[in-house]
Every structure is written in structure tokens, then in C-alpha cells.
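Here's the letter readout for the chains.
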Amino acid sequence: MCSIEERLKATQPFPLDRKVALNIMVTEKVLAENFSELLKPYDISEEQYNVLRILRGQKGVPASLGVIQERMISKNSNTTRILDKLISKNLATRKVCPMNRRMIEVLITAEGLALLSELDESVSAHNQCFAKNLTHDELEQLNNLLEKYRRQTP
């Protein structure tokens, strides 16, 4: 295992605050790259997977675009484009709300639920692979520290 300075081939040590931020960013990239590889055989992106999980969590209740955007991990995602791709793959459906014609209702399809069900074990194994070097207490501590760190956003 190498330090963040070694990983980034820095010529001098980073200040601790920069080291922490860089470690978080590099770790996120490593997680994302590995997760993308896991999803590649299923022809879906991380964002599409995230929307499918949001829709599954609705337990059959339609979700509006606003609800989906609010729950997305990446707030910069183009939700409409993601939904178009999921609909073209028959993983989700979209219709105009009968009570409010300006609102769109989105539901996961049986195929979308089946895909998530098929992925559940692999996703769990992916998460466990990264967590295996930490004890339960260390994972709790890391989670608490990351939440505390995130609350400090400018």
C-alpha cells in the first residue's frame, strides 16, 4: 500500500487537509471504476443503476423526476437522459400523471427489478471486498468520520 503522495507521484508531502481530500477523491474513483466494471456486462451505468435502486425503493409507487433527482448520488446527472436509456432497455416506464399533466410518473419494470435482484449479490460482494481490511468498529468510525467531514462543506 502506498501513500497518496506516492500514488500521485508528488515531489513533496501534502498538507494534511489536502491529503485527506485527495485520499477521498482517489478512493471514490477507485470505487467507481470497480463498480463500473461490475455493471459493464449488464450494459448499465452507475447512474442508471442508482435510478433503478431509487425506483425499487418506491415499492411500486411512481416517482416524479424531482424525487429521483433529489435522491441521486450525483446531483449533476441528466435524469431525463438516464430515464430515456432505462426506458429504451425496458427497465423503467414513464407516463404523464393523470392528476397533474405537468408531472411525469416513473416506475421500475419487472425486468428492472429482475436485473437489480441479479446484481444484488455482486454489489454486496463489491462492497465487502473494499471493507474487508477494516473491522466493524473501524467501518462505523470511517462512516461517522466521512459524514462529519461532508457536513463541513463550504
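So, here is what we can say about the structure in this document. In this text, all values refer to a predicted model and were calculated from it rather than measured experimentally.

1. Notes on the side chain of threonine 109
Inspection of the secondary structure assignment puts threonine 109 in the loop between strand S2 (104-108) and helix H6 (110-131). Here threonine 109 is in contact with Asn90, Leu91, Ala92 and Thr93, once residues within four sequence places are set aside.

2. Some thoughts on the packing of aromatic side chains
Scanning all chains against the criterion turns up one aromatic pair. Between phenylalanine 35 and tyrosine 49, the ring centres sit 5.2 Å apart and the planes meet at 70°, which makes this aromatic pair edge-to-face. Residue phenylalanine 35 is found in helix H2 (residues 16-39), and its partner tyrosine 49 is found in helix H3 (residues 46-57); the two are separated by 14 residues along the sequence. Owing to a relative accessible area of 6%, tyrosine 49 belongs among the buried residues under this scheme.

3. A word on a nonpolar patch on the surface
Taken together, Leu16, Val20, Ile24, Leu134, Leu139, Leu142, Leu146 and Tyr149 make up a surface patch of nonpolar side chains, about 620 Å² in accessible area. Counting only elements with at least two residues in the nonpolar patch, the list comes to H2 and helix H7 (136-150). In terms of residue count, the dominant contributor to the nonpolar patch is H7 (four residues). By the secondary structure assignment, leucine 139 is in helix H7. Overall, leucine 139 belongs to the partly exposed group, its relative accessible area being 33%.

4. What to know about the packing of H2 against H6
Geometrically, a packed helix pair is captured by the angle between its two axes and the distance between the axes. Between H2 and H6, the shortest axis-to-axis distance is 11 Å and the interhelical angle comes to 155°. Relative to H6, the element H2 lies roughly antiparallel. The element H2 and its partner H6 pack so that their crossing is right-handed. For the pair formed by H2 and H6, the contact residues are Val30, Leu31, Asn34, Phe35, Leu38 and Leu39 on the first element and Leu119, Ser122, Val123, His126 and Phe130 on the second. Of the residues in the contact of H2 with H6, the class split is eight nonpolar, three polar and no charged.

Scoring rules and cut-offs
Residues numbered from 1 in each chain as written. Predicted model: local features only at pLDDT ≥ 70, side-chain atom pairs only at ≥ 80, totals over all residues. Heavy atoms only, no water. Helix = DSSP H or I, 4+ residues; strand = E, 2+ residues; numbered from the N terminus. Contact = heavy atoms within 4.5 Å. Phe/Tyr/Trp six-rings, centres within 6.5 Å; stacked < 30°, edge-to-face > 60°. Buried < 20%, exposed > 50% of the residue type's maximum accessible area, 1.4 Å probe, protein only. Patch = residues over 30% accessible without salt bridge, like charges linked within 9 Å, V, L, I, M, F, W, Y side chains within 5 Å. Areas by Shrake-Rupley, 256 points an atom, 1.4 Å probe, with all protein chains shown as cover. Salt bridge = Lys/Arg side-chain N within 4 Å of Asp/Glu carboxyl O. Axes fitted to C-alpha atoms, helices over the stretch in contact; angles between N-to-C directions. Parallel < 35°, antiparallel > 145°, perpendicular 65-115°, else oblique. Left-handed = near helix turned anticlockwise from the far one by under 90°. Nonpolar A, V, L, I, M, F, W, Y, C, P; charged D, E, K, R; others polar.

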